[in-house]
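Given next are the chains, with one letter for each unit.
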Amino acid sequence: MIPSYSSVVKRYLRFASSLSLIFTIAIILINYLRLGTNWSSLSIGFTLVHVLLSLVSYFVSRQIQHNQLAYPYHSWFGYVLMLSVLLGNPFNFISGMFLILKKIASYQIYLIFAVLVDLTLIVTTSLNFFKPTVSPTFILGLVLLGVSLIIHWSLVLFSSRLTNLSNGPLYFVLVLLVLTALSGNLLSLIAAWLLWRENTSESYERRRSIFANIARHEVAVFGLYVITFILAMAITSYLTFEYSYAVENNYTAILQSPSMTYPLGTDNFGRDVFSRMVFGGRISLLVGVLATLSPLLIGGFLGAVSGYYSHRVDQTIMRLLDVLYAIPGILLAITIVTAFGTSTQNLILALSIGGIPGYARTMRANVLQVKQLEYVEAAHAVGVNDVKIILKHVIPNASAPMIIRSSLTVATAVISTSSLSYLGLGVESHIPEWGNILRIGSDYLETQPYLAIYPGLAIIALVLSFNFLGDGLRDALDPKMTQ
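Bear in mind that the values here come from a model prediction, so they are computed numbers and not experimental data.

Enquirer: Account for the pattern of salt bridges, naming residues and giving values.
Expert: Overall, the coordinates contain seven salt bridges when judged by the stated rule. Taking the shortest distance from any N to any O, the salt bridge between arginine 11 and glutamate 218 comes out at 3.3 Å. Remark: glutamate 218 occurs in helix H10 (residues 218-240) and arginine 11 occurs in helix H1 (residues 7-35); sequence separation between them is 207 residues. Between aspartate 272 and lysine 131 there is a salt bridge, and its shortest N-O distance comes to 3.1 Å. Residue aspartate 272 is located in the loop between helix H11 (244-247) and helix H12 (273-308), and its partner lysine 131 is located in the loop between helix H5 (106-126) and helix H6 (138-157); the two are separated by 141 residues in the primary sequence. Residue aspartate 272 shares its accessibility class with lysine 131, and that shared class is buried. Connected through shared salt-bridge partners, Asp267, Arg271 and Arg276 make up one network.

Right, here's the structure in full:
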């Protein structure tokens, strides 16, 4: 009897094959804009190979959507598509791995995307080979990334056997995954945790984790892949990128067009935009996460206390927060930055304060519902004190909307950071940050439009990725959606 594909595999195949076609069309358009009608034989061959592979991925996916059957020859197509990632199309790699594995568990999905993160990191980092000089630890960083790629790729290919490992080999695999996660590849860490649960938890089938539910949401996992790549790029750049290219002026290379030496061109001070984008990702991600974490904790605490205790406490806290809520967030941030000066710390403070009332209101509304439930009343009846009830029973059961809101707030914080930097009120102008880069590029929209396009695309990609992840979290935490 011919086995069949699961609904999750079908969704991923449809998602990857569709994006593969879009990716191929983008390649054709870029080549047309770059070469006009003077295509070389190499360009024609490269484009035709991409078209052929994307069509194979698309028609195999269409066949599977129609009859769901896993024919043996699908594996051969899978290996071809998997290796085609070396030509630069990550979506064919996703299709290939799902065709090879057929039946897939949650940890396998995260392993596949962990491989994609490694590949993207290596390709991006390797562009430094064309620089006149590289960081002293560049080769070491590249070797470590290569080792991480080999480990992840090998584990993906043999992933179906990982659930039958005894304790010794299992712990060895888990340690490898945790060590490779030190590069910032969080997908490896999530895969390790899910693999450990699958091997040790007897109740795994009865109760899926949040990450297992997110794995069923292909768009959310893709958003997590983009976020993980930017995070890993920010961490590994300490080893693989030379900071001087991003901050030191080079008056012999002012406003140069994109080339192998300067993949995204240079700005009006001769600084490499590619290096500035890499280091700018650190600031954007750091400010976005910290400006979300601070109001999440402070607002969550105030909302929990306000919703749980008496009317007087509730009214006092909420009316004070209403004063803060009445001031527009971006106006409050501009006021704080203007008063205390432009710096990363002040920017985080300015964006955090404005978010506290919103989190407090969300938490309060949930606590008001949760504290009426039977298990909270039972805890009261047996004499459990209020602090234990709030920390152990109320906050954990009222935090799901807070988690979803926080994932969306990160995106808003990234936009606010870039907006303030664009206005000259965010991070200091000499520090690489996407808003700063965009502000400089906006002065040269007519002559060097790429100076504004690349940071703009990076901001859009990061914001969209957090929104996709937020949608996945909403579905993963909603009991009705996970049934």
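Enquirer: If you had to explain a nonpolar patch on the surface to someone new, which residues and values would you point to?
Expert: On the surface, Tyr73, Trp76, Phe77, Tyr79, Leu157 and Phe158 cluster together into a nonpolar patch covering about 640 Å² of accessible area. Broken down by element, the nonpolar patch gets its largest block of residues, four residues, from helix H3 (residues 73-83). Tracing the backbone shows phenylalanine 158 in the loop between H6 and helix H7 (167-180). Take phenylalanine 158: its relative accessible area is 47%, and that puts it in the partly exposed class.

Enquirer: An account of empty space enclosed by the protein is requested, with residue identities and associated values reported.
Expert: Using the criterion set out here, one finds two cavities of 30 Å³ or more in the structure. Approximately 50 Å³ is the volume found for the largest cavity. In terms of lining, the largest cavity is formed by Asp267, Val273, Arg276, Ile437, Ile440, Gly441 and Leu451. The set of elements that each furnish at least two residues to the lining of the largest cavity consists of H12 and helix H19 (434-442). The element contributing the most residues to the lining of the largest cavity is H19, with three residues. The class makeup of the residues in the lining of the largest cavity is four nonpolar, one polar and two charged. Along its surface, the second largest cavity is lined by Asn128, Lys131, Thr133, Val134, Ser135, Thr240, Phe241, Glu242, Tyr245 and Ser275. Of the residues contributing to the lining of the second largest cavity, the split by class is three nonpolar, five polar and two charged.

Conventions and cut-offs
- Residues numbered from 1 in each chain as written.
- Predicted model: local features only at pLDDT ≥ 70, side-chain atom pairs only at ≥ 80, totals over all residues.
- Heavy atoms only, no water.
- Salt bridge = Lys/Arg side-chain N within 4 Å of Asp/Glu carboxyl O.
- Helix = DSSP H or I, 4+ residues; strand = E, 2+ residues; numbered from the N terminus.
- Buried < 20%, exposed > 50% of the residue type's maximum accessible area, 1.4 Å probe, protein only.
- Patch = residues over 30% accessible without salt bridge, like charges linked within 9 Å, V, L, I, M, F, W, Y side chains within 5 Å.
- Areas by Shrake-Rupley, 256 points an atom, 1.4 Å probe, with all protein chains shown as cover.
- 1 Å grid on protein atoms, 1.4 Å probe; cavity = no way out; pocket = protein on both sides within 12 Å on 5 of 7 lines; lining within 4 Å.
- Points joined across faces, edges and corners; volume = space filled by probe spheres on them.
- Nonpolar A, V, L, I, M, F, W, Y, C, P; charged D, E, K, R; others polar.

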